[in-house]
Amino acid sequence: MLHEDITRLMIDKGYVRTLRQQEELPLLRDHLLRLDHESRHDRFNGFMDDSFIERYAARCADDGTIIIAYVEDGVVRGAAELHPPDQSPDALPEIAFSVEASVRRQGVGSILFKRLVLEARWKGYRALRITTGAQNHAMRALASKFGAHLVFRHGESSGTIDLKQQPQAEFTKLAITAPADAARAMIQFNRAYWKLFLGMYGWGRTA
């Protein structure tokens, strides 16, 4: 992982962090199962039933796929997937994204994309492959924003992103900001914990 789990990037009510593979599998699975019909079709370039999604999430937990998630109230509402290059016929790591309707148009997709690119660079990847449905206009626009040159073929759009051409300054700022937000989150947690602890024993009460 790029950072420890406590590394969090706050976005309004939620934050972004990397999921642990096995023990947090249900978070990814439940997120994918919550996708509405259109979002599920866009994510998998066709409608997939619940059993397929459960098998897919289980495979992601076992094959080294990195999941960067947007979390609100302990629930994953968006996910960026970085799949290992050995699963791709051209030996390029493949990426995929999904965002629930309730958190769209809030910049979640862009933040997930940036964190995923940062993670890919950390692992030494030079390029990424992205494949999306031809009707997934939001993802096509997001991919183009990050320099992907998509080609339409067999009902889907696919292309590559050259990581060497991504602007360094923006991602460096992102890497620096996340630990600062994590520290603030930990401070807030500690304050809440001690307030609760002292209150249980009446030490925090005033006469």
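Refer to the structure presented above.
Residues numbered from 1 in each chain as written. Predicted model: local features only at pLDDT ≥ 70, side-chain atom pairs only at ≥ 80, totals over all residues. Heavy atoms only, no water.

Colleague: Summarise helix 4 (residues 108–122); cite the residues concerned and give the values.
Modeller: For helix 4, spanning 15 residues, the distance from its first C-alpha to its last is 21 Å, which sits close to the expected 21 Å at 1.5 Å a residue. Among the 15 residues in helix 4, 13 count as buried, and that is most of the element. The positive-phi residue at the C-terminal boundary of helix 4 is Gly-124, with phi of around 90°. (Helix = DSSP H or I, 4+ residues; strand = E, 2+ residues; numbered from the N terminus. Expected span 1.5 Å × (residues − 1). Buried < 20%, exposed > 50% of the residue type's maximum accessible area, 1.4 Å probe, protein only.)

Colleague: Lay out the pairing of strand 4 (residues 75–83) in plain terms, naming residues and giving numbers.
Modeller: Counting buried positions along strand 4 yields 7 of 9 residues, so the element is predominantly enclosed. As paired strands, strand 3 (residues 66–72) and strand 4 are joined by 7 bridges and run antiparallel to one another. Looking at strand 4, one finds that Ile-68 is bridged to Ala-80. Where strand 3 hands over to strand 4, the hairpin turn is made up of 2 residues, of which Asp-73 adopts a positive phi near 55°. Sheet analysis places strand 4 next to strand 5 (residues 94–99), joined by 6 bridges and oriented antiparallel. Bridge pairing in strand 5 links Glu-81 to Ala-96. (Pairing = 2+ DSSP bridges.)

Colleague: Any details on helix 3 (residues 50–62)? Residues and values, ideally.
Modeller: For an α-helix, 3.6 residues make a turn, and residues three or four places apart therefore share a direction. For helix 3, built from 13 residues, the straight-helix expectation of 18 Å at 1.5 Å per residue is met to within 8% by its first-to-last C-alpha distance of 19 Å. Taken together, the buried positions of helix 3 are Ile-53, Tyr-56, Ala-57, Cys-60 and Ala-61. Along helix 3, the residues classed as buried sweep out an arc of 140° about the axis, all on the same side. Away from its buried face by more than 90 degrees, helix 3 exposes Arg-55 and Asp-62. Buried residues along helix 3 sit in contact with helix 1 (25–34), helix 2 (37–44) and strand 4. In the stretch just after helix 3, Gly-64 is the one whose phi turns positive, near 90°. (Arc of directions from axis to C-beta. Contact = heavy atoms within 4.5 Å.)

Colleague: I'd like a rundown of the layout of surface pockets, residues and numbers included.
Modeller: Taken as a whole, the largest pocket holds about 1100 Å³ of empty space. Along its surface, the largest pocket is lined by 45 residues, and Phe-97, Ser-98, Thr-132, Asn-136 and Met-139 are the ones closest to its centre. Sorting the residues of the lining of the largest pocket by element identifies helix 2, helix 3, strand 5, helix 4, strand 6 (127–133) and helix 5 (137–145) as the ones contributing at least two each. By residue number, the principal contributor to the lining of the largest pocket is strand 5, which donates 6 residues. When its residues are assigned to classes, the lining of the largest pocket shows 20 nonpolar, 16 polar and 9 charged. (1 Å grid on protein atoms, 1.4 Å probe; cavity = no way out; pocket = protein on both sides within 12 Å on 5 of 7 lines; lining within 4 Å. Points joined across faces, edges and corners; volume = space filled by probe spheres on them. Nonpolar A, V, L, I, M, F, W, Y, C, P; charged D, E, K, R; others polar.)

Colleague: Pulling in residues and values, what's your account of the nonpolar core?
Modeller: Judged by nonpolar contacts, the single largest core of 27 residues is most densely connected at Ile-95, Phe-97, Leu-112, Phe-113 and Leu-128. Of all elements in the fold, only strand 3, strand 4, strand 5, helix 4, strand 6 and helix 5 reach the threshold of two or more residues within this core. For this core, the element with the most residues is helix 4, which contributes 7 residues. (Core = buried A, V, L, I, M, F, W, Y, C linked by side-chain atoms within 4.5 Å.)

Colleague: A description of the packing of aromatic side chains should follow, citing residues and the corresponding values.
Modeller: Per the stated rule, a full pass over the model turns up 4 aromatic pairs. With centroids separated by 5.2 Å and ring planes inclined at 85°, the aromatic side chains of Phe-44 and Tyr-56 adopt a geometry described as edge-to-face. Highlighted residues: Phe-44 in helix 2 and Tyr-56 in helix 3, separated in sequence by 12 residues. With relative accessibility at 12%, the residue Phe-44 sits in the buried group. Looking at Tyr-56, the relative accessible area reads 8%, which means it is buried. Ring centres 4.6 Å apart and planes at 20° place the aromatic pair Phe-97 and Phe-113 in the stacked group. Taken as a pair, Phe-97 in strand 5 and Phe-113 in helix 4 lie far apart in primary sequence, 16 residues in all. For Phe-113, a relative accessible area of 0% translates into the label buried. Its end group placed over the ring of Phe-44, Arg-43 keeps NZ or CZ at 4.5 Å from the ring centre. (Phe/Tyr/Trp six-rings, centres within 6.5 Å; stacked < 30°, edge-to-face > 60°. Lys NZ or Arg CZ within 6 Å of the ring centre and 35° of its normal.)

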